[in-house]
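# Report on the structure
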Number of protein chains: 2
Amino acid sequence: MRTHAVVEATQVDAASLLRGAGLRVTKPRTAVIVALAATPHASADDVFQAIAIALPGTSRQAVYNVLGDLADNGLAQRIEPAGSPARYELRVGDNHHHIVCTSCGAVADVDCAVGHAPCLTPHHTAGFVIDEAEVTYWGTCADCQQLARVPDSSSHASAIQGETP
Amino acid sequence: MRTHAVVEATQVDAASLLRGAGLRVTKPRTAVIVALAATPHASADDVFQAIAIALPGTSRQAVYNVLGDLADNGLAQRIEPAGSPARYELRVGDNHHHIVCTSCGAVADVDCAVGHAPCLTPHHTAGFVIDEAEVTYWGTCADCQQLARVPDSSSHASAIQGETP
DNA sequence: CGCATTCTTTTGACTGAATCAAAAGAAGGG
DNA sequence: CCCTTCTTTTGATTCAGTCAAAAGAATGCG
């Protein structure tokens, strides 16, 4: 579903992304970035699985470290939908939100429909100073709608990336 | 900050709330409802602590069971801000959202500023059917703003309920 | 190019939050 | 008042993630 070229390009700029953030370029970091580019909204475990192929022997802890470093340095964004382990994506710095499937947990991006929308600036804030508004939509993904219509088609695994248009 | 009468009243309707939902009226359930009425946005552990006083000997598991039952039957709402254990509130059925303090984790309610706002209906939904939009605001609560100005005032414990106006 | 310093990774123990399951105990209908 | 069914207790177990020490790599510098 994704051209070969895109994946290779990602491989190349992993290094410059890391250098740009003042982080050392290491194999686990490069591999994590490549994995996230190929599979947006992957969990730490998804990344670990993906990397086990490209870079066998990488520890689970390294994956947690790398994902944490990427998030801390603005190279990745962490999202934590209720009931799901944390997920990560390289798309950062733009104002976008997420739809989560309540039945399989699949996540897709949604561009903010109305920019800096009025409803995202609440009226009385109980004394809080607001930094950002996070919107999570809950619904049913295309695959699960399908399954609901035609029950009993068996399990429906890795629904993590498919949803991204 | 809350009148005695309110707490007693809550005690009374715990039973009818439960019966209305077809649930048996038990001491742990009543106690959990009373605790949630007194402390909105409490975590399971907060509730457990609170109940340890009113109803010693109640198990932690019972608290999880009750909170789960309340949520499943629409008597309570579960919210799960990133980085925090699940929190529960009795305020259900209205369209309101939450502000979470990024430094102490305090949670406060926010009424949806624009009702069923336009920005809560995204344009292209990647094939999802949307059920609901959940908005979480992130910011700094009044207490933590204070602490930031006057550093070194020591720790700042139970900030769970204080924020509710 | 090679070395020293500093940052990363590995390994393995450990925590917090929550769930599962079996047995004992209480609520409510008759 | 008893019986059935639902709840609670107890204790083990899982999942996701963190902590810490020791071993190993990446960069800067000579």
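One structure accompanies this document, and this report is about it. (Residues numbered from 1 in each chain as written. Chains lettered and ligands numbered in written order. Predicted model: local features only at pLDDT ≥ 70, side-chain atom pairs only at ≥ 80, totals over all residues. Heavy atoms only, no water.)

## Structural notes on the protein's contact with DNA strand D
- As a matter of local geometry, DNA strand D sits amid 18 residues, with Gln61 of chain A together with Thr26, Arg29, Ser59 and Ala62 of chain B nearest to it.
- Each atom of DNA strand D within 4 Å of the protein was classed as base or backbone; sugar and phosphate made up 65%.
- One nitrogen or oxygen atom from the side chain of glutamine 61 of chain A is found 2.5 Å from a base nitrogen belonging to DNA strand D.
- Residue assignment for the surface near DNA strand D shows that the elements contributing at least two residues are helix 4 (60–72) of chain A together with helix 2 (27–38) and helix 4 (60–72) of chain B.
- Looking at which element gives the most residues to the surface near DNA strand D, the answer is helix 4 of chain B, with 4 residues.
- Of the residues that constitute the surface near DNA strand D, the class distribution is 8 nonpolar, 7 polar and 3 charged. (Near = heavy atom within 4 Å. Polar contact = N/O pair within 3.5 Å; in protein donor to acceptor, adjacent residues only side chain to side chain. Helix = DSSP H or I, 4+ residues; strand = E, 2+ residues; numbered from the N terminus. Nonpolar A, V, L, I, M, F, W, Y, C, P; charged D, E, K, R; others polar.)

## Section: the pairing of strand 5 (residues 107–111) of chain A
Residues and elements named next belong to chain A.
- Counted residue by residue, strand 5 has 4 buried out of 5 residues, so it is predominantly covered.
- One ladder, built from 5 bridges, connects strand 4 (residues 96–101) with strand 5; its direction is antiparallel. Residue histidine 98 lies in a different strand from strand 5, and its bridge partner there is aspartate 109.
- Counted between consecutive antiparallel strands, the loop separating strand 4 from strand 5 contains 5 residues, among which glycine 105 sits at a positive phi close to 85°. (Buried < 20%, exposed > 50% of the residue type's maximum accessible area, 1.4 Å probe, protein only. Pairing = 2+ DSSP bridges.)

## Side note on the protein's contact with DNA strand C
- The environment of DNA strand C is formed by 18 residues, the closest being Thr26, Arg29, Ser59 and Ala62 of chain A together with Gln61 of chain B.
- Each atom of DNA strand C within 4 Å of the protein was classed as base or backbone; sugar and phosphate made up 62%.
- One of the side-chain N or O atoms of arginine 29 of chain A is found 2.9 Å from a sugar or linking oxygen in DNA strand C.
- Between DNA strand C and the protein, one listed contact pairs a base nitrogen with a side-chain N or O atom of glutamine 61 of chain B at 2.4 Å.
- Elements supplying a minimum of two residues to the surface near DNA strand C: helix 2 (27–38) and helix 4 of chain A together with helix 4 of chain B.
- Per-element accounting of the surface near DNA strand C gives the leading share, 4 residues, to helix 4 of chain A.
- Among the residues making up the surface near DNA strand C, the classes are represented as 8 nonpolar, 7 polar and 3 charged.

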